[in-house]
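Geometric and topological summary
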Amino acid sequence: MALTGLEIFKLLPKSNCKKCGKPTCLAFAMALAQKKAKLEECPEASEEAKSALAEASAPPISLVKFGTGDNEVHIGQETVMFRHEEKFYNPTVIAVSISDKLADDALKERIDAVNSLQFERVGTHLQVGAVAVINDSGSPDTFASAAGTVKKASPLAMILVSESPDALGAATAKVADVRPLLASAASDTAEAVAKIGKENNCPVVAQADSVEGLAELTGKIKAAGVEEIVLSLKARSLKDELYGLSRIRAAALKKTFRPLGYPTVSFVLDGNGEAQAAKGISLICKYSSIVVVESVERHAILPMLTAVMNIFTDPQKPVQVEAKVYRVGEPGSDSPILMTTNFSLTYYTVESDAEASRVPCYILVVDTEGTSVLTAYSGDKLNEKIVAEAMKKNEVDGLVRHHKLIIPGYVAVMSGKLEEETGWEIAVGPRESSMLPKYLQEVA
Amino acid sequence: MAVPEITESYTGSVNRLTLGATSQSGGTRATTVVVGGAANVVYGGSDTQAGERPVIAIDVLDSRPNDWPEYLSEPYKDVLDSPAAWAKKCVDEFGAEIICLKFDGIHPEKGDKGADHAVSVTREVLEAVGVPLILWGCGNDEKDNQIMPKVSEAAKGENCLIGTVTEGNYKSLTAIALADGHNLITEAPLDINIGKQVNILAADMGFPLEKIVTFQDTGALGYGVEYSYSIQERQRLAALSGDKMMAMPVICDVGHEAWRAKEAKSEDAPDWGRADKRGPMWEAATAICLLQAGADILRMRHPKAISTVKDFINELW
Ligand code: SF4
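Worth saying up front: this structure is predicted, and the values here are computed from it rather than measured.

Here we look at the overall build of chain A
Each helix and strand in chain A was counted, giving 16 helices and 17 strands. A compact globule built from 444 residues should have a C-alpha radius of gyration of about 22 Å, whereas chain A, at 28 Å, is more than 25% larger. Each principal axis of the C-alpha atoms in chain A carries an extent, and together these give about 75 × 70 × 35 Å. For chain A, the residues scored as buried account for 53% of the 444 residues in total. Counting contacts in chain A only where the partners sit at least 6 residues apart, residues at least 24 apart contribute 66% of the total. Accessible surface computed for chain A: about 19,200 Å², of which carbon and sulfur atoms make up 50%.

What about the overall build of chain B?
Within chain B, the regular secondary structure consists of 11 helices and 10 strands. A compact globule built from 317 residues would reach a C-alpha radius of gyration of about 20 Å, and chain B, at 19 Å, matches this within 12%. Looking at chain B as a whole, 62% of its 317 residues are labelled buried. Once local pairs closer than 6 in sequence are excluded, the contacts in chain B between residues at least 24 apart make up 70%. Total accessible area computed for chain B in this model is approximately 11,400 Å², and 47% of it derives from carbon and sulfur atoms.

Some points on the interface of chain A and chain B
Facing the 58 residues of chain A at the interface are 53 residues of chain B. Roughly 5,000 Å² is buried in total at the junction of chain A and chain B, and carbon and sulfur atoms are behind 64% of that figure. The three residues of chain A that bury the most area against chain B are A:Lys239, A:Tyr243 and A:His299, which together make up 13% of that side's buried surface. The interface formed by chain A and chain B includes eight salt bridges. Run the count over chain A and chain B and you get 14 residue pairs in polar contact (both at pLDDT 80 or more). Of all the secondary-structure elements, those providing two or more residues to the side of chain A that touches chain B are β4 (118–121), α8 (211–223), α9 (238–254), α10 (273–285), α11 (298–311) and α12 (344–357) of chain A.

Side note on α12(A)
Count 3.6 residues to each turn of an α-helix, and residues three or four apart come out pointing the same way. Residues and elements named next belong to chain A. Under the 1.5 Å per step criterion, the end-to-end length of α12 is 20 Å for 14 residues, consistent within 8% with the ideal 20 Å. For α12, a buried count of 11 out of 14 residues is recorded, marking the element as mostly surrounded by other parts of the structure. Those residues of α12 that fall on the buried side of the exposure criterion are Ser344, Leu345, Thr346, Tyr347, Tyr348, Val350, Glu351, Ser352, Asp353, Ala354 and Ser357.

What to know about the domain arrangement of chain A
Entries for chain A in the domain assignment read domain 1 (5–57), domain 2 (63–311) and domain 3 (325–442). Its C-alpha centre places domain 1 of chain A at a distance of 39 Å from the equivalent point of domain 2 of chain A.

Quick look at the pairing of strand β7 (residues 157–161) of chain A
Residue and element names in this part refer to chain A. Burial runs high along β7: five of the five residues are buried. Burial along β7 is two-sided: the residues Ala157, Ile159 and Val161 and Met158 and Leu160 are all buried. With five bridges joining them, strand β6 (residues 130–134) and β7 adopt parallel strand pairing. Opposite isoleucine 134, over in β7, you have valine 161 as the bridge partner. Handedness of the crossover joining β6 and β7 through helix α5 (residues 140–153) is recorded here as right-handed.

Quick notes on the sheet that holds strand β10 (residues 229–233) of chain A
Residue and element names in this part refer to chain A. If you trace the eight strands from one edge of the open sheet to the other, you get β10-β9-β8-β7-β6-β3-β12-β11, paired in parallel fashion. Either end of the sheet is taken by a strand with one partner, and the two such strands are β10 and β11 (265–268). Ignoring which end each strand starts from, the neighbouring axes of this sheet average 25 degrees apart. The sheet contacts of helix α7 (residues 190–200) involve β8 (181–185) and β9 (204–208), and relative to β8 the element is tilted by about 170 degrees. Relative to β9, α8 is tilted by about 145 degrees, and along the sheet it contacts β8, β9 and β10.

Comments concerning the side chain of A:Ser344
Residue and element names in this part refer to chain A. In this fold, serine 344 is placed in helix α12. Look at serine 344 and you get buried, because its relative accessible area is 7%. When neighbours within four sequence positions are excluded, serine 344 is seen to be in contact with Val319, Gln320 and Val321.

With respect to the site of the ligand
All residues in the neighbourhood of the ligand are listed as A:Pro13, A:Ser15, A:Asn16, A:Cys17, A:Lys18, A:Lys19, A:Cys20, A:Cys25, A:Phe28, A:Cys42, A:Pro43 and A:Glu44. A breakdown of the residues in the shell around the ligand according to their chemical character gives seven nonpolar, two polar and three charged.

Digging into the environment of B:Leu80
All names here are of chain B. You can see leucine 80 is positioned in the loop between α1 (70–73) and α2 (83–92). Since its relative accessible area comes to 4%, leucine 80 is described here as buried. Spatially, the C-alpha atom of leucine 80 lies 7.4 Å from that of serine 63, the residues being 17 residues apart in sequence. When residues no more than four places from it in sequence are discounted, the contact partners of leucine 80 are Ser63, Arg64, Pro65, Ser73 and Trp86.

Observations regarding the packing of aromatic side chains
Two descriptors summarise a pair of aromatic rings, namely the distance from one centre to the other and the angle between the planes of the rings. Following the criterion strictly, the structure yields 12 aromatic pairs over all chains and no others. Plain terms: the ring middles of B:Trp68 and B:Trp86 are 5.6 Å apart, the flat faces sit at 85 degrees to each other, and that makes the pair edge-to-face. With B:Trp68 in the loop between β3 (55–61) and α1 and B:Trp86 in helix α2, the pair connects residues that are 18 residues apart, well separated along the chain. Neither residue differs from the other here; B:Trp68 and B:Trp86 are each classed as buried. Members of the aromatic cluster, connected to one another through ring pairs, are A:Tyr326, A:Tyr347, A:Tyr348 and B:Tyr223.

Some remarks on the pattern of salt bridges
All names here are of chain A. Here the structure, examined in full by the defined rule, presents 36 salt bridges over all chains. Glutamate 212 serves as the salt-bridge partner of arginine 247, at 2.7 Å between the closest nitrogen and oxygen. Of this pair, arginine 247 sits in helix α9 while glutamate 212 sits in helix α8; the two residues are 35 residues apart in sequence, bridging distant segments of the chain. Residue classification places glutamate 212 among the partly exposed residues on the basis of a relative accessible area of 31%.

Some remarks on the sheet that holds strand β17 (residues 425–428) of chain A
All names here are of chain A. With mixed pairing, the five strands of this open sheet are ordered in space as β13-β15-β14-β16-β17. Each edge of the sheet is formed by a strand with only one pairing partner; in this case those strands are β13 (325–328) and β17. Going across the sheet, the axis of each strand differs from the next one's by a mean of 30 degrees, ignoring polarity. In terms of strand pairing, strand β14 (residues 337–341) meets strand β15 (residues 361–366) through five bridges, oriented parallel. Within β15, the position partnered with leucine 338 by the bridge is isoleucine 363. The strands touched by helix α14 (residues 384–393) are β14, β15 and β16 (404–407); relative to β15, the strand with the most contacts, the crossing angle is about 125 degrees. Sheet strands in contact with helix α15 (residues 415–422) are β16 and β17, and its direction is about 155 degrees off that of β17.

Topic: the environment of B:Ile288
Residue placement: B:Ile288 occurs in helix α10 (residues 275–292). Sequence separation between B:Ile288 and B:Phe312 is 24 residues; the distance between their C-alpha atoms is 8.0 Å. Beyond its immediate chain neighbours, meaning those up to four positions away, B:Ile288 contacts A:Ala278, A:Ile281, A:Ser282, B:Val309 and B:Phe312.

Calculation notes
Residues numbered from 1 in each chain as written. Chains lettered and ligands numbered in written order. Predicted model: local features only at pLDDT ≥ 70, side-chain atom pairs only at ≥ 80, totals over all residues. Heavy atoms only, no water. Helix = DSSP H or I, 4+ residues; strand = E, 2+ residues; numbered from the N terminus. Rg over C-alpha atoms; globule rule 2.2 N^0.38 Å. Buried < 20%, exposed > 50% of the residue type's maximum accessible area, 1.4 Å probe, protein only. Contact = heavy atoms within 4.5 Å. Areas by Shrake-Rupley, 256 points an atom, 1.4 Å probe, with all protein chains shown as cover. Buried area = accessible area lost by both parts, 1.4 Å probe. Salt bridge = Lys/Arg side-chain N within 4 Å of Asp/Glu carboxyl O. Polar contact = N/O pair within 3.5 Å; in protein donor to acceptor, adjacent residues only side chain to side chain. Expected span 1.5 Å × (residues − 1). Domains from an automatic or database assignment. Pairing = 2+ DSSP bridges. Right-handed = clockwise from strand over helix to strand, strands pointing away. Axes fitted to C-alpha atoms, helices over the stretch in contact; angles between N-to-C directions. Near = heavy atom within 4 Å. Nonpolar A, V, L, I, M, F, W, Y, C, P; charged D, E, K, R; others polar. Phe/Tyr/Trp six-rings, centres within 6.5 Å; stacked < 30°, edge-to-face > 60°.

Following this line, the structure appears as structure tokens:
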């Protein structure tokens, strides 16, 4: 928890020497508390004061990184319980398991399948963020060799999953340069695993079957010199895990309880693709920083990645699509052209209904600062001048021969002025987008 | 190691509401369903505060839908023309605990059917199944005002959930729902303030707050689910803080919205996975997302999606 000005003042030399540029130590302390000054500006501060301040200003949930280069992943640093309060910070990483029981071609095939879990939807590229190599074989050598193969064949960040410190040690020796996440240290293996983590500069997963057990365990791992820790609650059921994750998040954020101030990882390795996606999505929403699944079925992975995208969008910023002309199907110079706003929800609704009509058409998206039709109109972000401007900029004159623009039913009132402004014929479309298919089939 | 106790100063909870009336309470339903009751945020505190298990209402349309993707209509292909047989199939084969009878066919542009049709469909479905009913209009104010009061009357005493009423059109349906002893759905366009306003308007007409369920236009996964999600979370927090005008259970229209998504219905998008599995998955995924934000009743369509979500609910509640 951030310190108050007075608490900071108590840590300062109280000499009022003014070297910091402030008239008194108290003034400097106040400035620090308001983040208007930095501690380095006081040359007289003691080491003790520095570490106390650093500790106090650390984020309530720390940052953990693993992997390297373009595929380095960042987790943690969350600041709120609910996404409407502030943007959820580091999107949940979806990881897929690879068993070290697979060998040769089967292993290669599995790695390829995981690598190919990349998708394009609504103009965005989505992909899984990590592979989790699992020590099903029980053998350190087999585990190390599988990890080596994965490192060569996949650019993705790696999680090494084994209960055995020997196996983790053997695999880490092969892949330390890609900074894998070591999973996991339990209470009886904490020292051994933390040692591997410290020597190889790799983050470590703490795994326990209770929230209390986790709080205890992170202390041990930290004492052994590992700062980057990830929590894994090995609960009896998904239910216990979700309630536990909520408790962990609340303790870290509301009580600044440092022993639980770390990102989290969950494993969903059983059940069919649909069940894994269902559980995965609940864990994405309710506070898992990494969700490891076993399924490589595309229809199961895409909704999880989409859920991450949705839940981690900035709630303060309306999501916008680019203001331009979109094509539905393969429209020609006789196809209808519709106008709507650049609020993504509005646009996708219109696009989906236009598509359902099976009538090829153009959609002219006008920049209304991400507001819906009615909001934009009442806020004067949608008027005849703005539409005319957008038509000119997008050279719609050249797209169609008919010079007839379909506008949303909700802004029927602007049709007269718009006709004057543009010289185009203005047709008033339906109010509800769901009526578009019928409307388009009739006008086409 | 001791972990600090998280104590919230919640003073309120989500209303508990019963749907359906058995013969003892003046209806003919074989079963009733209780929804709502949460006294904490989802997964907050202990599971004793989680309230009632969320429930799935399966959609039955009054008239054969002509815009359903093939993978969605396939499981219902033998019953699409008979709402009674359709409802029975949902209960007998897919375990429906509630049937949502959706009157699309009365919409002026989707069949423009009249009151006689709507009333007889209501009677047939009440006859065919013993579970509680949701009676949901077509969204056209004029037709809804003309026909839904008659539907309400036909189901008088059954303690149905009827809707929807909006800020601009609430009077006639609110009055008749009150007279016929039904529960009411208030609707708002993804706007928490309007949502509250409609509740106030209904309450001003003497409608009991504890018989209201709120509906905010649902966004599908990938198409605005996050808006519905945050409104639900804010509504839950308002309910917990003791705001009586926001303490209603929440209903979501999952099936209809999810199946409009390209990911659910396009047949030629192999990159998104198998076409026969994508739709049910998208519907289930949308439902799961909304459950995390406190949905109480989910309107759903595809049997496979329903079974995925049921399994999840049974594990968590
Ligand atoms: S430099 Fe440090 S010791 Fe000197 S006045 Fe500023 S805060 Fe006080």
